[in-house]
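# Fold and contact review
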Number of protein chains: 4
Amino acid sequence: MAKMIDNSYGKSGVRLLKVVRGADRHEIIEYTVDILLNGDFETVHTKGDNSKVLPTDTMKNTVYVMAKKHDFKTAEEFGKILSHHFVGSQPHISRARITITERPWQRMNTKGSPDPHAFSQAVGERHTTFVDYNGKSTSFKAGLKDLIILKSTNSGFSGYIKDDYTTLGETDDRVFATSLTATWSYNTTEADFAATRKNLRTRLLELFAEHHSLSVQHTLYEMGEKVLEEFPHVEDIHMTMPNKHFLKFNLEPFGLENENEIFYPIEEPYGLIDAKLAR
Amino acid sequence: MAKMIDNSYGKSGVRLLKVVRGADRHEIIEYTVDILLNGDFETVHTKGDNSKVLPTDTMKNTVYVMAKKHDFKTAEEFGKILSHHFVGSQPHISRARITITERPWQRMNTKGSPDPHAFSQAVGERHTTFVDYNGKSTSFKAGLKDLIILKSTNSGFSGYIKDDYTTLGETDDRVFATSLTATWSYNTTEADFAATRKNLRTRLLELFAEHHSLSVQHTLYEMGEKVLEEFPHVEDIHMTMPNKHFLKFNLEPFGLENENEIFYPIEEPYGLIDAKLAR
Amino acid sequence: MAKMIDNSYGKSGVRLLKVVRGADRHEIIEYTVDILLNGDFETVHTKGDNSKVLPTDTMKNTVYVMAKKHDFKTAEEFGKILSHHFVGSQPHISRARITITERPWQRMNTKGSPDPHAFSQAVGERHTTFVDYNGKSTSFKAGLKDLIILKSTNSGFSGYIKDDYTTLGETDDRVFATSLTATWSYNTTEADFAATRKNLRTRLLELFAEHHSLSVQHTLYEMGEKVLEEFPHVEDIHMTMPNKHFLKFNLEPFGLENENEIFYPIEEPYGLIDAKLAR
Amino acid sequence: MAKMIDNSYGKSGVRLLKVVRGADRHEIIEYTVDILLNGDFETVHTKGDNSKVLPTDTMKNTVYVMAKKHDFKTAEEFGKILSHHFVGSQPHISRARITITERPWQRMNTKGSPDPHAFSQAVGERHTTFVDYNGKSTSFKAGLKDLIILKSTNSGFSGYIKDDYTTLGETDDRVFATSLTATWSYNTTEADFAATRKNLRTRLLELFAEHHSLSVQHTLYEMGEKVLEEFPHVEDIHMTMPNKHFLKFNLEPFGLENENEIFYPIEEPYGLIDAKLAR
């Protein structure tokens, strides 16, 4: 009577550190890999027939073996290797989706020079890569998340609807902070993924900084529109900008005026603005 | 040149405690409410025109005002009140999605009797409710998440594919633990939501416990299939069962045999099994 | 020139699940064990001489081996086994401190009866045990943490100091909520640890519920004082009660009166009340 | 019968953003402030007499008012202002301890130049400051925490005790990673706190990177010893170095040799090394 209308399975949170031991110095790469497979897994569910199950433990092992066997410069390359491996490994596996979350490490400076093998985890930000292979074509998305940014002026919010439940005051000068998540799709498999990520990130920050913001939506759109203009290999961009509210502390009870100097951040509740733009 | 292919905005993390002060005893309800609106918000983004923006701060106020003005027995009722309010408040708002996450509180027993106004937060588990209103019809989903369950036997895993990357051994007796997330859709707006939630939760636990499990998928399917059989108001059910691995500790180096007694849990990596069943 | 004035080392976060496979039903015990050793470790630091280092990896193995070899009914017993083992293992190890954090599991009911081997993680609360052995005597502490409790009335706060920075209003009826941490020392090594924990926990909850609270400090003291009166084996008790603030939402702008019904919790900032009482 | 042998209270988690609006550009400071007071609070506990209670809500307000009224360049200055204020505010308050945790923000570069008012949260690392005032003298500590560092070679571990529970293999080349917490005391109230923090942090990283490590203890001691040698205003330094284990993945089952290239991080269990060095 029941029919299965969707199913997938895989291994999540496979954490990998690869040390590339160059002659003069080491490079390190830290990824967390998530694997999701689709295919003909009906009887696994309905009959407990495991003959079609590639165990998630095997998926985990495969990540480490592939990391050893292959040289790769980007998470896109590694995701392609993994997705093609899994779809190719069994006839009934039709699709593999690989998500790679990179924790960037920064080379230390010691005595004024780049250290050959010491690193610090410089940023809370994570870099994301999504590779989807269906046996015929491979599609790539990339992104960043947990990038916390703030502008201390050049942002206002006014002219909005007032109803019986409105208490918010209009302002032409507020703190605008967010934890940016952005994900963009590539319309090609041949982009210079590393350079695009680097330049696109730089432009997102600049656009955020320079925009005279009338609302979160207004700035999000500006950022997305310009990215599509400037990066021809980007087909669409999806951005989520939760408002990290830094509220003006009311100093009036103490006979003082808060000239946009003293704020207190709150974690909840938060405004959540989300939009996807395409060319 | 850019076109917006999707957008929404709202307030997340609006936390509410309502104390219902009965004559003899208090009831307390703790919700976290997330609101997402869709509608004609194009110019908000493209022109910074805020005249169509209902501020998220107003949404927050509205939650508290509605909680005061209305009596409600379930999150479904409260979600309906909120979603209808927002869609009705402005002609250009076409859809409101309300997610309510309830933290269940348990009445304390003091001196052997239920205390009239003291409570403890008994569980990590959360109860979820999703109400979606588009101006014409209201649809309801309900669920639970972070329900951590474990069976110490009656679970095996064998007969799976072995390839060059397999190291996992077959077993007919393992620990099966998961943090269950389940969400079910109602095919009616008139179900007894509270009773269904209670009974469905009980059945999920019983089905998990009693099933002779050949794999996570096998048990997940059994649970979903039986829910659809037994609860006619449930149209579909979506379950996510991350494997919370409790691995057998290898005691051989110490001259001891581990007769399925000594395990160590790991948080990462974890198998992730996900399926949606419909009638 | 530098002298070392304190040092310790050990293994933290050793997670253990022990399944006690009884004839009719299983019992499960989940502990997280932290081990800290003191002793003559000077040259380990100053000269890199590892001949005195018992590796933390070995400590981890020892936890699992001891869990296999020994039957124990309480974390106090298991902590004693471990602490005596480590101090006895090497002449230069003079002290071992064992902290055990238990995640309580609750047996499921299936078809109205206790299930023989299925469990749910019923509480967020953790049970703590501290065993300290110095080669001569063993001392025991026990406690609980993350026990979230709330009373919706029978609590006020007034009569406090008002100064230039005061805005808080007095109230004789507020929500009082806290995440209780309590740790008590035993003046004996022979107490019935399991029964004491159970009864002491019950009394803490009852005392919290029943007390007519004039402040957090007032209630904390009442709870501690009564515990010392009622439990002769408890030598002292240390309690920490962070105020989990549930603030009254201001409904006046909406023409409504908030009759202590509608509250919003905040996570930060929070009042922190801490005291230690001894007999 | 019960006597109170210790008590304190205060406000924790007071979060502050101060925007210093210079003519050409803004500076931003984000602090989380914790306040703990000691004094004659006996009757608050024993009698519910609130006439000696300075409410924690007032402490919170005071943080914001003092942040507005005073210019300060360091957390040490701000902590001194707050601690002296609280002790001076009431005769029965004898001691105030202020902990300030700073989240460092980094000025963005836009179009190749430092932006006047846009920032990103560059690091997970936090800077800590502890000011303790007892009515007569003020003492200062400073530190850092959550600084995640890794060296991919130049670290070994061998020559340790082997017993019946040892399985760890010796190595002369391993990954050494930690989340460093360091706190140092000043023997003066007149140090250049900002410069000392900056230089001491740089030296900690260099010493970690350059040391030929025979154990975590060995490197920790080296770092502490050199800090005491090089920074005359530092009286003692306390370091905690949890081992963030990056374990070598076993590639032998796959016919491959892992030449220290492929590692997997685990969060638990972790070695914990802690020592305090003084001059």
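Quick summary incoming for the structure in this document. Just so you know, these numbers come straight off a predicted model, no measurement behind them.

This paragraph deals with the interface of chain B and chain A. At the junction of the two partners, chain B supplies 69 residues and chain A supplies 69 residues. Of the roughly 6100 Å² buried between chain B and chain A on both sides combined, carbon and sulfur atoms contribute 59%. Run the count over chain B and chain A and you get two salt bridges. A salt bridge links A:Glu268 to B:Arg15, with the nearest nitrogen and oxygen atoms 3.7 Å apart. The interface formed by chain B and chain A contains 29 residue pairs in polar contact (both at pLDDT 80 or more). Of all the secondary structure elements, the ones that give two or more residues to the side of chain B that touches chain A are strand 1 (3–21), helix 1 (42–47), helix 2 (56–69), helix 5 (216–230) and strand 12 (270–278) of chain B. Sorting elements by how many residues they give to the side of chain B that touches chain A places strand 1 of chain B first, with 13 residues.

This next bit is on the interface of chain D and chain B. Often the size quoted for an interface is simply the accessible area lost on bringing the parts together. Listed as interface residues are five residues of chain D and, on the opposing side, five residues of chain B. With both sides pooled, the region where chain D packs onto chain B buries about 400 Å², and carbon together with sulfur makes up 77% of that total. It is D:Tyr165, D:Thr167 and D:Phe254 in chain D that bury the most area against chain B; as a group they hold 69% of the surface buried on that side. Taken together, the connections running from chain D to chain B amount to zero residue pairs in polar contact (both at pLDDT 80 or more). Of the residues belonging to the side of chain D that touches chain B, the class tally is three nonpolar, one polar and one charged.

All right, on to the packing of helix 2 (residues 56–69) of chain A against helix 3 (residues 75–89) of chain A then. Residues and elements named next belong to chain A. Relative orientation of the contacting elements helix 2 and helix 3 amounts to 130°, with a least axis distance of 11 Å. For the element pair helix 2 / helix 3, the angle class is oblique. With respect to the hand of their crossing, helix 2 and helix 3 are arranged in right-handed fashion. Facing Met 59, Thr 62, Val 63, Met 66 and Ala 67 of helix 2, the residues of helix 3 in contact are Phe 78, Ile 81, Leu 82, His 85 and Phe 86. Here the residues of the contact of helix 2 with helix 3 are counted per class, giving eight nonpolar, two polar and no charged.

Below, the discussion takes up the packing of aromatic side chains. In this structure the tally under the stated criterion is 48 aromatic pairs over all chains. Judged by centre distance (6.0 Å) and plane angle (80°), the ring pair of A:Phe249 and A:Tyr264 falls under edge-to-face. Here the residue A:Phe249 occupies a position in the loop between strand 10 (246–248) and strand 11 (262–265), and A:Tyr264 occupies one in strand 11, the gap between them amounting to 15 residues. With relative accessibility at 10%, the residue A:Phe249 sits in the buried group. Relative to C:Phe208, the ring of C:Phe176 lies with its centre 5.2 Å away and its plane at 65°, an arrangement referred to as edge-to-face. On the criterion of sequence distance, the pair formed by C:Phe176 in strand 8 (residues 176–186) and C:Phe208 in helix 4 (residues 193–210) is long-range, its members being 32 residues apart. Residue classification places C:Phe208 among the buried residues on the basis of a relative accessible area of 0%. Through a chain of ring-to-ring contacts, the aromatic side chains of A:Tyr31, A:Phe72 and A:Phe78 assemble into a single cluster.

Glancing now at unusual backbone geometry. Excluding glycine, a negative phi dihedral is what most residues carry, and trans is how most peptide bonds are arranged. Each neighbour pair has its own omega, and for B:Glu268 with B:Pro269 the value is -10°, a cis peptide bond. Here B:Pro269 lies in the loop between strand 11 (262–265) and strand 12. The phi torsion at C:Asn260 lies on the positive side, around 55°, for a residue other than glycine. Within the fold, C:Asn260 resides in the loop between strand 10 (246–248) and strand 11 (262–265). A residue is classified by how much of its surface remains accessible, and C:Asn260, at 11% relative accessible area, is buried.

Within this structure, the stated rule accounts for 76 salt bridges over all chains. Taking the shortest distance from any N to any O, the salt bridge between B:Lys226 and B:Glu222 comes out at 3.1 Å. In this pair, B:Lys226 and B:Glu222 both sit in helix 5, four residues apart, roughly one turn of the helix. Note that D:Glu30 and D:Arg15 form a salt bridge whose closest N and O atoms lie 2.8 Å from each other. A residue pair is termed long-range when its members are at least 10 positions apart, and D:Glu30 in strand 2 (residues 26–39) and D:Arg15 in strand 1 (residues 3–21) qualify at 15 residues. The exposure class assigned to D:Glu30 is buried, which follows from its relative accessible area of 1%. Salt bridges sharing partners connect three or more residues here, namely A:Arg15, A:Glu30, A:Arg103, B:Glu268, D:Lys244 and D:Glu267.

End to end, helix 5 of chain B covers 21 Å across 15 residues, agreeing with the expected 21 Å (1.5 Å per residue, within 8%). For helix 5 of chain B, the tally of buried residues reaches eleven of 15 residues, placing the bulk of the element in the interior. By the burial criterion, the buried members of helix 5 of chain B are B:Val216, B:Gln217, B:His218, B:Thr219, B:Leu220, B:Tyr221, B:Glu222, B:Met223, B:Gly224, B:Val227 and B:Leu228. For helix 5 of chain B, the elements touching its buried residues are strand 1 (3–21) and helix 1 (42–47) of chain A together with strand 8 (176–186), helix 4 (193–210), strand 9 (234–242) and strand 12 of chain B.

With that settled, the discussion passes to the environment of D:Phe119. Tracing the backbone through its elements, the reader meets D:Phe119 in strand 5 (residues 113–120). Put simply, D:Phe119 and D:Met66 are 53 residues apart on the chain and 24 Å apart in space, counted from C-alpha to C-alpha.

A few words now on the nonpolar core. One recurring pattern in soluble globular proteins is that nonpolar side chains are buried together. By size, the foremost hydrophobic cluster in this structure holds 150 residues, and its most contacted members are C:Val33, C:Leu37, C:Phe78, D:Val33, D:Leu37 and D:Phe78. A:Tyr133, B:Leu37, B:Ile98 and B:Tyr186 belong to the second-largest nonpolar core, a separate cluster that totals 149 residues.

Our next topic: helix 2 (residues 56–69) of chain D. End to end, helix 2 of chain D covers 20 Å across 14 residues, agreeing with the expected 20 Å (1.5 Å per residue, within 8%). Most of helix 2 of chain D sits inside the fold, with 13 of its 14 residues counted as buried.

Moving on, we get to the pairing of strand 7 (residues 138–151) of chain A. The buried fraction of strand 7 of chain A amounts to ten of the 14 residues, a majority that puts the element mostly inside the structure. In this sheet, strand 7 of chain A lies alongside strand 6 (residues 126–133) of chain A in antiparallel orientation, the contact comprising eight bridges. Paired with A:Asp132 across the two strands is A:Ser139, which belongs to strand 7 of chain A. Between the antiparallel neighbours strand 6 of chain A and strand 7 of chain A lie four residues, among them A:Gly135 with a positive phi of about 95°. When strand 7 of chain A meets strand 5 of chain D, the two strands line up antiparallel, connected through three bridges. When the bridges of strand 5 of chain D are listed, A:Lys151 appears paired with D:Ala118.

This part takes up the side chain of A:Ser215. Assignment of secondary structure puts A:Ser215 in the loop between helix 4 (193–210) and helix 5 (216–230). In this structure A:Ser215 touches A:Gly156, A:Phe157, A:Arg174, B:Val44 and B:Asn50, once residues within four positions along its chain are discounted.

With that settled, the discussion passes to the pairing of strand 3 (residues 93–102) of chain B. For a regular strand, side chains alternate in direction, first toward one face of the sheet and then toward the other. All names here are of chain B. Alignment of strand 2 (residues 26–39) against strand 3, held across nine bridges, turns out to be antiparallel. Along strand 3, the bridge assignment pairs Leu 36 with Arg 97. Note that strand 3 and strand 6 (residues 126–133) share seven bridges and pair antiparallel. Pairing of Ile 100 across the sheet is with Thr 129, part of strand 6.

Rotating chain B by 180° about the axis while translating it 0.0 Å along that axis superimposes it on chain A, leaving an RMSD of 0.0 Å. Those values place the two copies in the arrangement expected of a two-fold rotation axis. Both copies present the same face, since 100% of the interface residues in chain B are matched by interface residues at the equivalent positions in chain A.

Cut-off values and rules
- Residues numbered from 1 in each chain as written.
- Chains lettered and ligands numbered in written order.
- Predicted model: local features only at pLDDT ≥ 70, side-chain atom pairs only at ≥ 80, totals over all residues.
- Heavy atoms only, no water.
- Contact = heavy atoms within 4.5 Å.
- Buried area = accessible area lost by both parts, 1.4 Å probe.
- Salt bridge = Lys/Arg side-chain N within 4 Å of Asp/Glu carboxyl O.
- Polar contact = N/O pair within 3.5 Å; in protein donor to acceptor, adjacent residues only side chain to side chain.
- Helix = DSSP H or I, 4+ residues; strand = E, 2+ residues; numbered from the N terminus.
- Nonpolar A, V, L, I, M, F, W, Y, C, P; charged D, E, K, R; others polar.
- Axes fitted to C-alpha atoms, helices over the stretch in contact; angles between N-to-C directions.
- Parallel < 35°, antiparallel > 145°, perpendicular 65-115°, else oblique.
- Left-handed = near helix turned anticlockwise from the far one by under 90°.
- Phe/Tyr/Trp six-rings, centres within 6.5 Å; stacked < 30°, edge-to-face > 60°.
- Buried < 20%, exposed > 50% of the residue type's maximum accessible area, 1.4 Å probe, protein only.
- Expected span 1.5 Å × (residues − 1).
- Core = buried A, V, L, I, M, F, W, Y, C linked by side-chain atoms within 4.5 Å.
- Pairing = 2+ DSSP bridges.
- Least-squares fit on C-alpha atoms with pLDDT ≥ 70 in both.

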